[in-house]
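Per-entry structural report
Chain by chain, the residues run as shown.
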Amino acid sequence: MKLYGYYRSSTSYRLRIALELKGLEYENIPVNLLKAEQKGEAFTSRNAFGSVPMLEADGRDRAQSMALIEWLDEAYPENPLLPADLEQRYTARELAYAIATELHAPLNLPVLKYLKNEFGKSQDEIDIWYRHWLARTLDPLEKRLEQLGSGDFLFEAPGFFETVLLPQIYNARRFHFDLTDKPHIVRIEQSCLALDPFQRAYPDNQPEAG
């Protein structure tokens, strides 16, 4: 397998965590988003979305992180990311897709660059935008975790939900989002970061992080 991604891309980070948790070997191929390498013809001829991550696996180029995570779980059932129990699978998806669908779109790099370049927003204004949307989803997410009585992880071990949560919290910390009133989220984050798969996937530990 070859994973084409950017070390700070939250969606690429998701795939690294998923691959590490499942114990799958892969080659990491950096794609520099700051240089728009993902928009070049060489890349878009393989991935029409012009986005990362892209996973070259089983003779096919595959895009879109959430679809990729579920494909990995179906194609390689050992070390499952989704629980066997139907209701637990639903809960994991409920929380993971809240992050993936409500936060990724308004907070990804093209949107932030558009705010700066087309609307002349300052970095301080962009940071306010970023934190506003984080609160809009992370506040109810924290309440949902409290209702569910989550412990160190959503369930017995990290899986689908944690794969999506950790990258978003990494970005939240980069934008100085206050997490002091989110003990459930922080506890899960810290429990995950204590594990080797999450350390291997961590953005600052990637070779291109420099």
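These numbers were taken from a predicted model, which means no experiment stands behind them.

1. As for helix α8 (residues 160-174)
- Within α8, 13 of the 15 residues are buried, which leaves the element mostly enclosed by the surrounding structure.
- After α8 finishes, the residue H176 shows a positive phi value of roughly 55°.

2. Considering the nonpolar core
- Residues L141, F161 and L165 are the most contacted members of the largest nonpolar core, which totals 51 residues.
- At eight residues, α8 tops the list of elements feeding residues into this core.
- Dropping the residues within four chain positions of it, L165 is found in contact with I99, L141, I185 and I188.
- Membership of the second largest hydrophobic core comes to eight residues, among which are Y4, Y6, V31 and V52.

3. Remarks on the pattern of salt bridges
- The tally for this structure, following the rule as stated, stands at nine salt bridges.
- Here D61 makes a salt bridge to R46, at a shortest N to O gap of 2.8 Å. Taken as a pair, D61 in strand β4 (residues 60-63) and R46 in the loop between α2 (41-44) and β3 (54-57) lie far apart in primary sequence, 15 residues in all.
- K182 is paired through a salt bridge with D181; the nearest N and O atoms lie 3.0 Å apart.
- The exposure class of K182 is buried, given its relative accessible area of 2%.
- Overlapping salt bridges, with partners in common, bring together R46, E56 and D61 in one network.

4. Some details on the packing of helix α7 (residues 123-148) against helix α9 (residues 183-193)
- Where α7 contacts α9, the two axes come as close as 8 Å, and the packing angle between them is 80°. When the interaxial angle is binned, α7 and α9 end up roughly perpendicular. Residue-level contacts link L138, L141, E142, L145 and E146 of α7 to P183, H184, I185 and I188 of α9.
- A per-class count over the contact of α7 with α9 returns six nonpolar, one polar and two charged.

5. Let's talk about the sheet that holds β4
- Read across the open sheet, the four strands follow the order β2-β1-β3-β4; overall the sheet is mixed. Since the sheet does not close on itself, it has two edges, and those belong to β2 (27-30) and β4, each with one partner. For this sheet, the mean inter-axis angle between neighbouring strands, taken without regard to orientation, is 20°.
- Of the strand pairs in this sheet, β3 and β4 are connected by four bridges, and their pairing is antiparallel. Looking at the pairing, L55 lines up with R62 of β4.
- Along the sheet, helix α1 (residues 10-21) makes contact with β1 (2-5), β2 and β3, crossing β1 at roughly 155°.
- On the sheet, helix α3 (residues 65-75) packs against β3 and β4 and is oriented at approximately 125° with respect to β4.

Cut-offs used in this document
Per chain, residues are indexed from 1 in the order of the written sequence. Local features in a predicted model are, by the rule used here, given only for residues with pLDDT of at least 70; side-chain atom pairs are given and counted only at 80 or more, and totals for whole chains, interfaces and linings are based on all residues. Water and hydrogen atoms play no part in the side-chain values, which are based on all heavy atoms of the structure. Three exposure classes are used, based on accessible area relative to the maximum for each residue type with a 1.4 Å probe and protein chains only: buried under 20%, partly exposed in between, and exposed over 50%. Per the convention used, a helix needs a DSSP run of H or I reaching at least four residues, while a strand needs a run of E reaching at least two, with both numbered from the N terminus. Take the buried Ala, Val, Leu, Ile, Met, Phe, Trp, Tyr and Cys residues and link them wherever side-chain atoms come within 4.5 Å; each set so joined is a nonpolar core. Residues count as neighbours in contact if any of their non-hydrogen atoms are within 4.5 Å of one another. The salt bridge definition used is simple: a Lys or Arg side-chain nitrogen within 4 Å of an Asp or Glu carboxyl oxygen. To get an axis, a line is fitted to the C-alpha atoms, and for a helix only the part in contact is used. The angle between two axes follows their N-to-C directions and goes from 0 to 180 degrees. Orientation categories follow fixed angle ranges, with anything under 35 degrees roughly parallel, anything over 145 roughly antiparallel, 65 to 115 roughly perpendicular, and all other angles oblique. Side-chain classes are defined by residue name, with Ala, Val, Leu, Ile, Met, Phe, Trp, Tyr, Cys and Pro counting as nonpolar, Asp, Glu, Lys and Arg as charged, and the others, Gly among them, as polar. Pairing between strands is defined by DSSP: at least two bridges between them are needed.

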